[in-house]
Amino acid sequence: VLGSRGLGDVYKRQNRKKGNCELRGSESAMWKPVIARQMERKWMYLQVLQLIQQYGAISRVEIANKLHMTRASVTLLIHEMMEKGVLEDIGTCPTSEGKGRRKLLMDVHPSRWLLIGISIQGNHLVVGLTTLGMNTLEKQCIPFPVLQASWASIQEQMIITVRQILKSNYIEESQILGLGVGWMPSVLQHFFPDATRQEQQMAELQQILTDALHVPVFWGNALPSMAVYCLYQKPKQEIIALFCADGADYYVSIVCRSHVMECLNDKPISMQGLPLSPNQTVGDLLTPVALQQRVKPYYSAEQTPVLYDLTGGKLETMTLPDLFTAACAEGKDFDPILSDLMEEMMQQFCQFWSSILVMYPIEQLYLYRPDFTLPHWQEIYRYAKQYMKPELAAKLSCGDLTEKCQYAGGVFYALDGGIFKLCTAEEQKTSE
């Protein structure tokens, strides 16, 4: 399950696949059943929320049928979720035959619990306030030089922005089920090249944010959380993938609804291991360094004036958006000499995306890059329709996350971690 950080040492050491806890001796024997019950309870909460996201308001009978649970078990679960303010009873609806007992419908409570998602990109912060049903109440995109800023200034900016959103919406801290912080991998690598130090620093950040905002804080890699958000917005899809260019790496995060939003791949994929042709790989041709080498023979103030100006005369600073802007005619100045290179490069990207869609039973492949603009995405989709089979090009979604829901990089850590805390509280209450 898409895990959240900061739920205590026991939760940090749990075996996520088996729901067990890696403790030793009598401590292990004591905590294993507790962790198992808490994880199972969280899983059931998320399953119910997922069903409502898919089908809308739903009855206890429908929940029992779809989750293969007894009606008595569902009744106890729904009662518990209503007591905790996760669900509410919205009335009845007639039966399909118009006879018999009317169905009582459950829906996500619209205001008892709210979530805050923060996505930390290379050049801006995105903060969003949302309901448990993923309805956005407010979103702020704040230009911020993250990679040039100090660690303390990033913390301060997050605290200021969250306080402002809570104040402007008249929201009490007690209404926030969780605050999730999603970090783009390049940002984490920039600040914490050492994974051991990363865990320590993140624990300190959690404590600082918790003390300042008085809300539960969780964190993780932004990409799987974004992929889960995409899946949540497509209730009829079962498995989707997010392809992201971030820094010098490419990532593919695959999420599957039947595994309770489990992220199947949230690590950078090896470009050198992905073939484009018998003798060439993605890494040979499409990483930033490879693209710079391909541009180098043409790069000059005379042959590529637009790209030269965008990069300040330094080819090593060239980014993929720079190349797109300089090579594509959009009614503005561009470098015609780069057009053939752009055609070749996009044909290779389309071949790569086609391979992903053929290799996995993916219903939609979302493309995401924080620094791409709408014209860039429009250009990409034009190439996709040209170089990909129609049925594969139809599965490509360009730019949705960029335009609509960047804060999703943190929002599912807030949901996952917040629900777990509710279940932990229930376990503690039962034990007492």
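One structure accompanies this document, and this report is about it.

Rules behind the numbers
- Residues numbered from 1 in each chain as written.
- Predicted model: local features only at pLDDT ≥ 70, side-chain atom pairs only at ≥ 80, totals over all residues.
- Heavy atoms only, no water.
- Salt bridge = Lys/Arg side-chain N within 4 Å of Asp/Glu carboxyl O.
- Helix = DSSP H or I, 4+ residues; strand = E, 2+ residues; numbered from the N terminus.
- Buried < 20%, exposed > 50% of the residue type's maximum accessible area, 1.4 Å probe, protein only.
- Pairing = 2+ DSSP bridges.
- Contact = heavy atoms within 4.5 Å.
- Axes fitted to C-alpha atoms, helices over the stretch in contact; angles between N-to-C directions.
- Core = buried A, V, L, I, M, F, W, Y, C linked by side-chain atoms within 4.5 Å.
- Expected span 1.5 Å × (residues − 1).
- 1 Å grid on protein atoms, 1.4 Å probe; cavity = no way out; pocket = protein on both sides within 12 Å on 5 of 7 lines; lining within 4 Å.
- Points joined across faces, edges and corners; volume = space filled by probe spheres on them.

Section: the pattern of salt bridges
Thought 1: With the rule as written, the count across this model stands at 5 salt bridges.
Thought 2: Of the charged contacts, one joins Glu80 and Arg41 as a salt bridge, the two residues approaching to 3.4 Å between their closest N and O atoms. Separated by 39 residues along the polypeptide, Glu80 in helix H4 (residues 71-83) and Arg41 in helix H2 (residues 25-55) bring together distant segments of the chain.
Thought 3: Here Arg41 falls in the partly exposed class, since its relative accessible area comes to 27%.
Thought 4: For Arg294, the salt bridge is made with Glu344, and the minimal N-O distance between the two is 3.5 Å. Residue Arg294 is found in helix H10 (residues 288-295), and its partner Glu344 is found in helix H13 (residues 339-359); the two are separated by 50 residues along the sequence.

Structural notes on the sheet that holds strand E4 (residues 87-93)
Thought 1: Pairing is antiparallel in the open sheet, where 3 strands are placed in the order E3-E5-E4. Strands at the two margins of the open sheet, each flanked by one partner only, are strand E3 (58-59) and E4.
Thought 2: Where H4 meets the sheet, its contacts fall on E4 and strand E5 (103-108), and the angle it forms with E4 comes to roughly 120 degrees.

Description of the nonpolar core
Thought 1: With 88 residues, the main nonpolar core has Ile120, Ile154, Val181, Trp183 and Leu415 as its most contacted residues.
Thought 2: By residue number, the principal contributor to this core is helix H8 (residues 222-232), which donates 9 residues.
Thought 3: Not counting chain neighbours up to four residues away, the residues in contact with Leu415 comprise Leu46, Leu49, Leu115, Leu132, Met134 and Tyr232.
Thought 4: Residues Cys256, Phe349, Cys350 and Leu367 belong to the second largest nonpolar core, which totals 49 residues.

A closer look at the side chain of Thr131
Thought 1: Relative to the assigned elements, Thr131 resides in strand E7 (residues 124-131).
Thought 2: The residues touching Thr131, leaving out its near neighbours within four places in the chain, are Pro110, Trp113, Leu114, Leu115 and Leu137.

Side note on the pairing of strand E16 (residues 364-368)
Thought 1: Along E16, 5 of the 5 residues are buried, which leaves the element largely enclosed by surrounding structure.
Thought 2: Covered by surrounding structure in E16 are Gln364, Tyr366 and Tyr368 together with Leu365 and Leu367, the residues of both alternating faces.
Thought 3: Here strand E11 (residues 239-246) runs beside E16; their pairing, made up of 5 bridges, is parallel. Following the sheet pairing, Ala241 is matched in E16 by Leu365.

What to know about helix H5 (residues 151-168)
Thought 1: The first and last C-alpha atoms of H5 sit 26 Å apart over 18 residues, in line with the 26 Å expected at 1.5 Å per residue.
Thought 2: Every buried residue belonging to H5 is among Trp151, Ile154, Gln155, Gln157, Met158, Ile159, Thr161, Val162, Ile165 and Leu166, and all of these are buried.
Thought 3: For H5, the elements touching its buried residues are strand E6 (114-120), E7, strand E8 (136-143), strand E9 (176-183), helix H6 (185-191) and helix H7 (195-213).
Thought 4: Where H5 ends, the next residue or the one after it, Tyr170, has phi of about 55 degrees, a positive value.

As for empty space enclosed by the protein
Over the atoms, a rolled probe matching the size of one water molecule traces out where space is still vacant.
Thought 1: Tallied over the entire structure, the rule returns 3 cavities of 30 Å³ or more.
Thought 2: If you add up the space inside the largest cavity, you get close to 100 Å³.
Thought 3: Lining the largest cavity are 14 residues, with Phe243, Leu320, Trp353, Phe372 and Ile380 sitting closest to its centre.
Thought 4: Among the elements of the structure, E11, helix H12 (320-327), H13, E16 and helix H14 (374-387) are those that each provide at least two residues to the lining of the largest cavity.
Thought 5: Element by element, the count of residues in the lining of the largest cavity is highest for H13, at 3 residues.

Focus on the sheet that holds E7
Thought 1: Spatially, the 5 strands line up as an open sheet ordered E8-E7-E6-E9-E10, and their pairing is mixed. The open sheet has two free edges, formed respectively by E8 and strand E10 (217-221), since each of these has just one partner strand. Ignoring which end each strand starts from, the neighbouring axes of this sheet average 15 degrees apart.
Thought 2: Across 7 bridges, E7 lies against E8 in antiparallel orientation. Each bridged residue has a counterpart across the sheet, and for His124 the counterpart in E8 is Pro143.

Read these as layout, nothing more, since geometry by itself doesn't imply function.
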